[in-house]
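One-letter residues, chain by chain:
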Amino acid sequence: MKHLLGIENLNRDQIMHILETAVSFEEINQRQIKKVPTLKGLSVINFFAEPSTRTRMSFEVAEKRLSADSYNIAVSGSAITKGETLSDTALNLQAMAPDCLIIRHAVSGTPHMLAQIMDCSIINAGDGFHEHPTQALLDAYTIQKKKGRLDGLKVALMGDIAHSRVARSNIHLLTKTGSHVTVAGPATMIPKDIKKLGVEVTYDPKEAVKDADIVMMLRIQEERESGLMYPDRREYAKFFCLDEKLLSYAKPDATVMHPGPANRGVEIDDNIMDGDRSVILEQVANGVAVRMAVLYLLLGGSNS
Amino acid sequence: MKRKGLNITKVIMNAEEMERTINRMVHEIIERVGPKKNVAIVGIRTRGVPIAERILKKIQELEKVKVASGTIDIALYRDDFFKGLASPEVGPSNLNFNVDGANIVLIDDVIYTGRTVRAAIDAVMDYGRPASIMYAALVDRGHRELPIQPDFVGKAVQTGDNEAVAVYLKEIDDEDKVVVGEK
């Protein structure tokens, strides 16, 4: 495996191998000296053409803990603002011989395009409405730690499914490992053909949450015109906010997840977000270990 | 793994001999570290671990003291990471004692080039600053590529470059023996 472009083109064994490898890296993050020399001398470029706190920081922490040299590019400070095309930028970066490029971009398919024109490994850190594979992997890792398995679970995925790359990657992953995914949200936010990915669709949040093992909330993405898809935040919250009452339909030991950043009081209630069934911050902690595993498997050796 | 495609030419240690060899190593280790405090026995994954467990058990029986122990995985510290080999499986390391000031005895099944124990020393150092590190190998097959020698050796054997030494252990392979074979 040279690139990680999406979950769609991975098989179950590859997914499980990444998750198993991540276990060893979790241990490093608990040591006093949180660093191993494994990727010494390798250059990794973090190219985030969209805002990001968690993912960008998580990748950078993962790179540094593996002793890779990491370089960050921000669009506002780059020649893209002078009109350079993305492919020219990519070829110029390639000329500096990096070993890996982490790319986040608002246009779906950007990482795939870069993988064709660059020699280095490409990791998709979120492309448009398409995929966010490392998020799905860290979610799966968190679920497995919590529930001990990834098959036979009932997962409710709620919110703006149409604009969510997190949703798409999670649907691919959880259906491949044999879990049952139900998506829910306002009809305007559910893509017409989403059933083709092997999920169930409902517009009633109670029905989605009923007997769920995992309740995964998605963010209302106001920067991506989801603002046009519902009357206002209060109206949305009235029907779809995960509060005590809605969560009471799930299994008593249900786990609550959110990829962040969360809109408190809109898609998730304060009490739930800070409550003991929420693993939102564990997701963040696990993200570092999972990204270390991905870097290790992509950049080490000739195959894996 | 080394076991695949190995043409066994001779058995250099059977179960009984292995037991006696390990017993002798135990006594040597006790003699050397006896007066020291903060001793820890650390097995190098994978086959150093069961050997370390046997040594630990015997030391505790003979000396009637509790001795610290752990395991170390060197996959992340290898120097051949980019040499076109398949990326090695990483396993968890587990050093649940204070490494600062400890007298650590690293245990492995075979010493060959010395690169494994070099990596293991680096790995231990990332957990703290031990007072000393010693090294015990069940078999020394020669051909060192680094200036590293074990403090305790079970058995030294002459081998050729085209040969391999494989240690079989009850805990993993259902039997105790050491064989030499052709690769």
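Residues numbered from 1 in each chain as written. Chains lettered and ligands numbered in written order. Predicted model: local features only at pLDDT ≥ 70, side-chain atom pairs only at ≥ 80, totals over all residues. Heavy atoms only, no water.

Focus: the side chain of B:Ser93
Inclusion rule: Where helices and strands are cited, they refer to DSSP runs of H or I of at least four residues and of E of at least two residues respectively, numbered from the N terminus. Under the scheme applied here, a residue whose accessible area is under 20% of the maximum for its type counts as buried, over 50% as exposed, and between as partly exposed, the area being computed with a 1.4 Å probe on protein chains only. Side-chain atoms alone can form a polar contact between residues adjacent in sequence; in general such a contact is a pair of N or O atoms within 3.5 Å, and within protein one must be able to donate a hydrogen while the other accepts it. It only takes one pair of heavy atoms within 4.5 Å for two residues to be counted as in contact.
The topology assignment puts B:Ser93 in the loop between β3 (68-72) and β4 (103-111). A relative accessible area of 7% places B:Ser93 in the buried class. A distance of 2.9 Å separates a polar side-chain atom of B:Ser93 from the backbone nitrogen of B:Asp73. Once residues within four sequence positions are removed from consideration, B:Ser93 is found in contact with A:Glu27, A:Arg31, B:Thr71, B:Ile72, B:Asp73 and B:Tyr127.

Comments concerning the sheet that holds strand β3 (residues 100-105) of chain A
Residue and element names in this part refer to chain A. Note the threshold: Here, any two strands with at least 2 DSSP bridges between them count as paired. Only the contacting stretch of a helix is used when fitting its axis, a line to C-alpha atoms as for every element, and angles between N-to-C directions run 0 to 180 degrees.
Spatial strand order, β2-β1-β3-β4: four strands in an open sheet with parallel pairing. Single-partner strands in this sheet number two, and they are β2 (69-74) and β4 (121-127). Shown here is a sheet whose adjacent strand axes are inclined to one another by a mean of 15°, direction ignored. Direction of pairing for β3 relative to β4: parallel, over a ladder of five bridges. Residue pairing in the sheet places histidine 105 in a bridge with aspartate 127 of β4. Helix α3 (residues 86-95) contacts β1 (43-48), β2 and β3 of the sheet and is inclined by roughly 165° relative to β1.

Observations regarding the sheet that holds strand β8 (residues 177-182) of chain B
Residues and elements named next belong to chain B. Taken in spatial order, the three strands line up as β1-β8-β7 in an open sheet, and their pairing is antiparallel. One side of each edge strand has no neighbouring strand; the edge strands of this open sheet are β1 (7-13) and β7 (163-168). Taking each pair of neighbouring strands and ignoring which way they run, the sheet shows an average axis angle of 30°. Across five bridges, β1 lies against β8 in antiparallel orientation. Paired with asparagine 7 across the bridge in β8 is glutamate 182. Along the sheet, helix α1 (residues 15-33) contacts β1, β7 and β8; its crossing angle with β1, the most-contacted strand, is approximately 50°.

Looking at the packing of helix α1 (residues 12-28) of chain A against helix α11 (residues 280-299) of chain A
Residue and element names in this part refer to chain A. Condition: What makes a crossing left-handed is the near helix being turned counterclockwise from the far one by less than a right angle; a clockwise turn instead makes it right-handed. Amino acids are sorted into nonpolar (Ala, Val, Leu, Ile, Met, Phe, Trp, Tyr, Cys and Pro), charged (Asp, Glu, Lys and Arg) and polar (every other residue, Gly among them).
Direction vectors running N to C along α1 and α11 enclose 120°, while the axes themselves pass 7 Å from each other. Regarding α1 and α11, the two cross each other, and that crossing is right-handed. Residues His17, Ile18, Thr21, Ala22, Phe25, Glu26 and Ile28 of α1 lie in contact with α11, whose contacting residues are Asn286, Ala289, Val290, Met292, Ala293, Val294, Tyr296 and Leu297. By residue class, the composition of the contact of α1 with α11 is eleven nonpolar, three polar and one charged.

Structural notes on a nonpolar patch on the surface
Rules: Residues qualify for a patch when their relative accessible area is over 30% and they have no salt bridge, like charges being joined within 9 Å and the nonpolar side chains of Val, Leu, Ile, Met, Phe, Trp and Tyr within 5 Å. The Shrake-Rupley method, run with a 1.4 Å probe sphere, supplies the accessible areas, and residue values consider only the shown protein chains as cover. By salt bridge we mean one thing: a side-chain nitrogen of Lys or Arg within 4 Å of a carboxyl oxygen of Asp or Glu.
On the surface, A:Leu91, A:Met113 and A:Ile117 cluster together into a nonpolar patch covering about 210 Å² of accessible area. You can see A:Leu91 is positioned in helix α3.

A few points about the nonpolar core
All names here are of chain A. How we decide: Think of a nonpolar core as a cluster: buried Ala, Val, Leu, Ile, Met, Phe, Trp, Tyr and Cys residues, connected wherever their side-chain atoms sit within 4.5 Å. Domain boundaries shown here were taken from an automatic or database domain assignment.
Of all hydrophobic cores here, the largest spans 86 residues; its most connected members are Phe25 and Leu137. With eleven residues, the top contributor of residues to this core is α11. Taken together, domain 1 (12-131 + 284-299) and domain 2 (133-283) each give at least three residues to this core, which thus spans both. If near-sequence neighbours (up to four positions away) are discounted, leucine 137 is found in contact with Leu4, Ile7, Ile15, Ile18, Leu19, Leu173, Val290 and Val294.

A word on the domain arrangement of chain A
Residue and element names in this part refer to chain A. Using the following cut-off: What counts as buried area is the accessible surface, traced by a 1.4 Å probe, that two parts surrender upon association, with contributions from both included.
When cut into domains, chain A gives domain 1 (12-131 + 284-299) and domain 2 (133-283). Computed over C-alpha atoms, the centres of domain 1 and domain 2 are 25 Å apart. At the interface, 28 residues of domain 1 touch 29 residues of domain 2. When domain 1 packs against domain 2, close to 2,300 Å² is buried across both sides, 57% of that on carbon and sulfur atoms. Joining domain 1 to domain 2, the criterion identifies two salt bridges. Here arginine 165 and glutamate 50 are joined by a salt bridge, their closest N and O atoms 3.0 Å apart. It is α1 that contributes the most residues to the side of domain 1 that touches domain 2, eight residues altogether. For the side of domain 1 that touches domain 2, the residue count by class is 13 nonpolar, seven polar and eight charged.

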